Structure formats: C-alpha cells, structure tokens
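Chain by chain, the residues:
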Amino acid sequence: TDIVEVTIAPNTKVGQHAFGEFTLGEGSDKHTKFCEYLATVTIGEGAVIDDYAFNIPIYSAMYEQTESLKYYQKYVYTVTGENGEEATYEYYRYNIEYGVISSLRTVTIYDNVTRGAYAFFGNYKLEKLTLGKGTVIGDYAFFNSFHLAEVDLSGVKEIGQYAFSGANLYDYQILEDGTITYAYE
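About the thresholds
Residues numbered from 1 in each chain as written. Predicted model: local features only at pLDDT ≥ 70, side-chain atom pairs only at ≥ 80, totals over all residues. Heavy atoms only, no water. Pairing = 2+ DSSP bridges. Helix = DSSP H or I, 4+ residues; strand = E, 2+ residues; numbered from the N terminus. Axes fitted to C-alpha atoms, helices over the stretch in contact; angles between N-to-C directions. Patch = residues over 30% accessible without salt bridge, like charges linked within 9 Å, V, L, I, M, F, W, Y side chains within 5 Å. Areas by Shrake-Rupley, 256 points an atom, 1.4 Å probe, with all protein chains shown as cover. Salt bridge = Lys/Arg side-chain N within 4 Å of Asp/Glu carboxyl O. Buried < 20%, exposed > 50% of the residue type's maximum accessible area, 1.4 Å probe, protein only. Core = buried A, V, L, I, M, F, W, Y, C linked by side-chain atoms within 4.5 Å. Contact = heavy atoms within 4.5 Å.

Novice: Which residues make up the sheet that holds strand 11 (residues 128-131), and what are the values?
Specialist: The strand order across the open sheet formed by four strands is 1-5-9-11, and the pairing between neighbours is parallel. Each edge of the open sheet is held by one strand with a lone partner, namely strand 1 (5-8) and strand 11. Direction aside, the axes of adjacent strands within the sheet are offset by 5 degrees on average. Direction of pairing for strand 9 (residues 106-109) relative to strand 11: parallel, over a ladder of four bridges. Of the residues in strand 11, the one forming a bridge with Thr106 is Lys128.

Novice: Any chance you could break down a nonpolar patch on the surface for me, citing the residues and the numbers?
Specialist: On the surface, Tyr77, Val79 and Tyr89 cluster together to form a nonpolar patch covering roughly 280 Å² of accessible area. Within the fold, Val79 resides in strand 7 (residues 72-80). Overall, Val79 belongs to the partly exposed group, its relative accessible area being 38%.

Novice: Let's hear about the nonpolar core: which residues, and what values?
Specialist: Of all hydrophobic cores here, the largest spans 32 residues; its most connected members are Ile43, Phe120, Leu129, Ile137, Phe142 and Phe164. Among the elements of the structure, strand 1, strand 5 (40-43), strand 9, strand 11 and strand 13 (156-159) are those that each provide at least two residues to this core. Excluding anything up to four places from it in sequence, Phe142 contacts Ile109, Arg115, Ala119, Phe120, Phe121, Leu126, Leu129, Ile137, Phe164 and Ser165.

Novice: Before we move on, could you go through the sheet that holds strand 12 (residues 135-137) and cite the residues and values that matter?
Specialist: Within a sheet, neighbouring strands are paired by backbone hydrogen bonds and run either parallel or antiparallel to one another. Spatial ordering of the open sheet is given by 2-6-10-12-13, a layout of five strands whose pairing is parallel. Edge positions in the open sheet fall to strand 2 (13-14) and strand 13, since each of these has one partner strand only. With two bridges connecting them, strand 10 (residues 114-115) and strand 12 associate as parallel partners. By the bridge assignment, Thr114 is partnered in strand 12 with Val136.

Any link to function would need more than the numbers given here.
Put into structure tokens, the structure is as follows:
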C-alpha cells in the first residue's frame, strides 16, 4: 500500500499482521503485500500491538526471489592445500540491502504499550526508536533493524527473546532494577 505515516490512538488494539505482511489471492494469483512505503509510526499510550504487526516479509522476499541474483552477493575464494594445489570456491549470500523492502525509519511508542512477537520484525532501515515507560517488547520484535544504532531501554518493563537481534546497538541503558534478559547479538 502507499501509506507513509501511521498514528495509533491511545488504548487501541492493533491486530495480528496489521500494517505488515499479508497474502492475497490463491494458486498462481497468490502474492504477498505489505506497507512498503511506511516511513513513520507513532503509537499512543496504552496501545496493544499484536503479533506480526508492522512486520516486513524479510524471509518471504529472500525465498520468493531466488531467481534474481540481484538479491545475492557472489563471493569467490581460493584455498591452497598442503601440496600447493589451489581450489577455487564460490558461494552466494543474500544481500539484505536489496531484498528487504522497507521504508520505516522512525517509530515513537508512548507509555505502557505492549508489542507482541515479531512486531516490527525485519524493518531493516529503522533508524530512530523512542520507547515510553512500562513498554513490553515481544519476542523477535525489531529483529534485523540493522540501522538502529541506539535505544534508551530505561523505561522498558520487559524484553522478549531475540528482540533487537541483528540491530547495530552499541549504546543502551539497563532497566531500573538492573536486570534485563539477553536481547542483543
């Protein structure tokens, strides 16, 4: 869709897969859609964001477009054995810069918001994330937000497994009670 900005009112529930990946049609007409132009999301206080909301189909894009090598980076390396003979190997690695179709760069989340598993998953270009107090972050939320470099977690109540994995987080704050579940790679 062509939506570029979304504001969720306070105390609103956003259902599964909303603003995220969805499938239309059947058989040979079946195709995947999502909000590829969405750049800014603001979520009001007390909202509940269900599983897979704002999810970008990173893996769907990776597997569906294997015919197009623009999604892959070719690597070639040569190994010299003990006997002096050389062997050359090549392999292809998925190039996330081409394969992830996401425009989301800014997310602002107010106080006491709960996000389900895989919410905001695969938003590779996300740069700015503001989290309110009492926020609950579900498993795999913000997974592969590669361009996200800093998040203040001081008001976060809970962080799920693998949340923020794949992000470039170097600076962060520990929860007030000094504990936090491991959520970074």
